[in-house]
Amino acid sequence: MPYDPLPDLATLSLAEIAALNAARKLPPVEQWNPAASGDSLMVIKADGRWFHDGGEIKRPAMIRAFAGLLRREGDGSNWLVTPAEKQSIVVEDAAFIAVDVVRTGDSLALRLNTDEVVLAGPEHPLVARGDPDMPALYLAVRHGTEARINRSTWLQLVDLADADLAVTSQGMRFSLVPA
């Protein structure tokens, strides 16, 4: 399942980002509720690496395919969901890592470690957790999953922030540090 990596995030317009996201055509996992379930023997480590039965999955296309099937339930459990079966998957921290950010118009576009681009805003809010001395920033991605903002991306956001360490995107204001 090969794919072409995205160009430099800073070169994309909002329209190009929207077109790329529409072209991805993710499966409707929110509509699937299979009765059969099992254990995928998969783990997403806190640093964003994926493992199956102890071995690291290194093919980006395979990770992207699995990432499109992820769903996190209200109880915090994570699943790979297909129409026929759902399999549990261990997520140590967040399913994704945000590895780059750019301001495009009134929006913050964040690139994930899966080469997806998510626009922070009403559907994808940024949430600060932890404490002011050790903040952890997360971005809502889809189906309950989140991306942890890595340190370099957090520092990029600090450069874009106002004096209160808050950023705006799509008309919403997000604090970079927990209250």
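Residues numbered from 1 in each chain as written. Predicted model: local features only at pLDDT ≥ 70, side-chain atom pairs only at ≥ 80, totals over all residues. Heavy atoms only, no water.

## Focus on the side chain of Asp115
Selection criterion: Numbering goes from the N terminus for both helices and strands, where a helix is a DSSP run of H or I of at least four residues and a strand is a run of E of at least two. Accessible area is worked out with a 1.4 Å probe on protein chains only. A residue is then buried under 20% of its type maximum, exposed over 50%, and partly exposed in between. Polar contacts, as counted here, are pairs of nitrogen or oxygen atoms within 3.5 Å of one another; within protein the pair requires one atom able to donate a hydrogen and one able to accept it, and residues that are adjacent in sequence qualify only if both atoms are side-chain atoms.
One can find Asp115 in the loop between β8 (107-112) and β9 (117-119). Since its relative accessible area comes to 16%, Asp115 is described here as buried. Side-chain polar atoms of Asp115 contact the side chain of Arg111, separated by 2.9 Å.

## Quick look at the pairing of strand β12 (residues 146-149)
Applicable threshold: Strand pairing requires that DSSP identify at least two bridges connecting the strands.
Inspection of the sheet shows strand β7 (residues 96-104) paired to β12 by three bridges, in the parallel sense. The residue bridging Ile97 from the neighbouring strand is Arg148, located in β12. Judged from the three bridges that link them, strand β11 (residues 134-140) and β12 form a sheet pairing that is antiparallel. Looking at the pairing, Ala140 lines up with Glu146 of β12.

## Considerations on helix α2 (residues 60-67)
Our working rule: Throughout, the arc means that of the directions going from the helix axis to the C-beta atoms.
Those residues of α2 not exposed but buried are Ala61, Ile63, Arg64 and Ala67. Projected down its long axis, α2 shows its buried positions confined to an angular sector of 160°, all on one face.

## Focus on helix α3 (residues 151-160)
Threshold: A contact between two residues is defined here by any heavy atoms of the two lying within 4.5 Å.
Every buried residue of α3 is listed here: Thr153, Trp154 and Leu157. End-on, the buried residues of α3 take up no more than an arc of 100°, which puts them together on one face. Counted as exposed and oriented over 90 degrees from the buried face of α3: Arg151 and Asp159. In this structure, the buried residues of α3 make contact with β7, β8, β11, β12 and β13 (166-169).

Distances and angles like these do not, on their own, reveal function.
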